[in-house]
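Results of the structural survey
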Amino acid sequence: MHEKVSYGYERIPASEKRRRVLGHFETIAHRYDLADALLSFGLHFFWRRRALRRLNLRPGERVMDLCGGTGDFAVMASKAVGPSGRVTVCDFSRTMMDKGRCKAAQAGQDAAIQWVQGDAENMAFAEDSFDAVIVGYGIRNFVFLERGLGEIRRVLKPGGRFLAMEFSIPQSFWLRTLYHYYSFRIMPRAGRLITGTAEPFHYLAESIRVFPSPARVQDLLTENHFVHATHELMSNGLAVLYSGQKEIIRLEGTFEK
């Protein structure tokens, strides 16, 4: 029997979730950036800048933008690590990455970014490859969250930093009430006007609500052997930054945390 996982409010086979989520991104890739900007009221620009500051990238580092899609984080990161660094985008949607390549070229960063089509839960990268891994709105779409976290930890170098930005539910009762109405009544209709389809936005609203709480995600980071795991609420909890670090193994075999 195939294991079933959450796809919004449904329970479906794991392979079916991969297929449906990929289909959403392939369908809306041509208008993804516009939808992201309009439906977040421009807040995602502020959130991304805050995330990059938190990651504290340095010249010469190797960085992965996992579930990188159209490459917003990749373009920003390539400027931070400079010509001596390297940024790799890994995403399962070739159509999204094609849009990202155009964006990188317009920003003059196309030569600094490598684009790799792949699965976040089974990556074709060697262990200890990256100084930092950043994920924008991607961990919510993992089929098996803990498997994805394990892969991220595997490809990080000892001491490497992990940061994920993800949607969540506002803390304020009144903002939460408005957000529920916006998510289920307005966002799918606006999404259809922008992209031609409402289904990805129905899934978005539901997936945010079935995703583990920020405190639970932080616990999962610790349980999956990230050290210094923490989370930071942004815009009253509309988005959350999750961060952790791969432990440093000392020569005598103990762990530096």
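Not measured: the values here are computed from a predicted model.

**Quick look at the nonpolar core**
Core analysis: the biggest nonpolar cluster contains 47 residues, and Trp-47, Leu-57 and Ile-113 have the highest contact counts within it. If we ignore the near neighbours within four places in the chain, the residues touching Leu-57 are Leu-52, Val-63, Ala-77, Ala-80, Val-81, Ala-132 and Arg-161. With 26 residues, the next largest nonpolar core counts Met-64, Cys-90, Ile-139 and Val-240 among its residues.

**Considering unusual backbone geometry**
Positive phi is not limited to glycine here, since His-225 has a value of about 70 degrees. Secondary-structure assignment places His-225 in the loop between helix 9 (214-223) and strand 8 (226-234). Since its relative accessible area comes to 51%, His-225 is described here as exposed.

**Considering the packing of aromatic side chains**
In this structure the tally under the stated criterion is nine aromatic pairs. On the numbers, 5.4 Å between centres and 85 degrees between planes, the contact of Phe-125 with Phe-130 is edge-to-face. With respect to class, Phe-125 is no different from Phe-130; both count as buried.

**Comments concerning the side chain of Glu-121**
Structurally, the position occupied by Glu-121 is in the loop between strand 5 (113-117) and strand 6 (130-136). Within the structure, the side chain of Glu-121 is placed 2.6 Å from the backbone nitrogen of Val-143, a separation counted as a polar contact. Discounting residues that sit within four places of it in the chain, Glu-121 has contacts with Arg-18, Phe-142, Val-143, Phe-144, Arg-147, Gly-148 and Glu-151.

**Brief notes about the pairing of strand 3 (residues 62-66)**
Counted residue by residue, strand 3 has four buried out of five residues, so it is predominantly covered. Here five bridges tie strand 3 to strand 4 (residues 86-91), and the two strands are oriented parallel to one another. Bridge pairing in strand 4 links Met-64 to Thr-88. For the crossover that starts at strand 3, traverses helix 4 (residues 72-81) and ends in the parallel strand 4, the hand is right-handed. Bridge count for strand 3 against strand 6 is four bridges, and the pairing is parallel. Opposite Leu-66, over in strand 6, you have Val-135 as the bridge partner.

Rules of the game
Residues numbered from 1 in each chain as written. Predicted model: local features only at pLDDT ≥ 70, side-chain atom pairs only at ≥ 80, totals over all residues. Heavy atoms only, no water. Core = buried A, V, L, I, M, F, W, Y, C linked by side-chain atoms within 4.5 Å. Buried < 20%, exposed > 50% of the residue type's maximum accessible area, 1.4 Å probe, protein only. Contact = heavy atoms within 4.5 Å. Helix = DSSP H or I, 4+ residues; strand = E, 2+ residues; numbered from the N terminus. Phe/Tyr/Trp six-rings, centres within 6.5 Å; stacked < 30°, edge-to-face > 60°. Polar contact = N/O pair within 3.5 Å; in protein donor to acceptor, adjacent residues only side chain to side chain. Pairing = 2+ DSSP bridges. Right-handed = clockwise from strand over helix to strand, strands pointing away.

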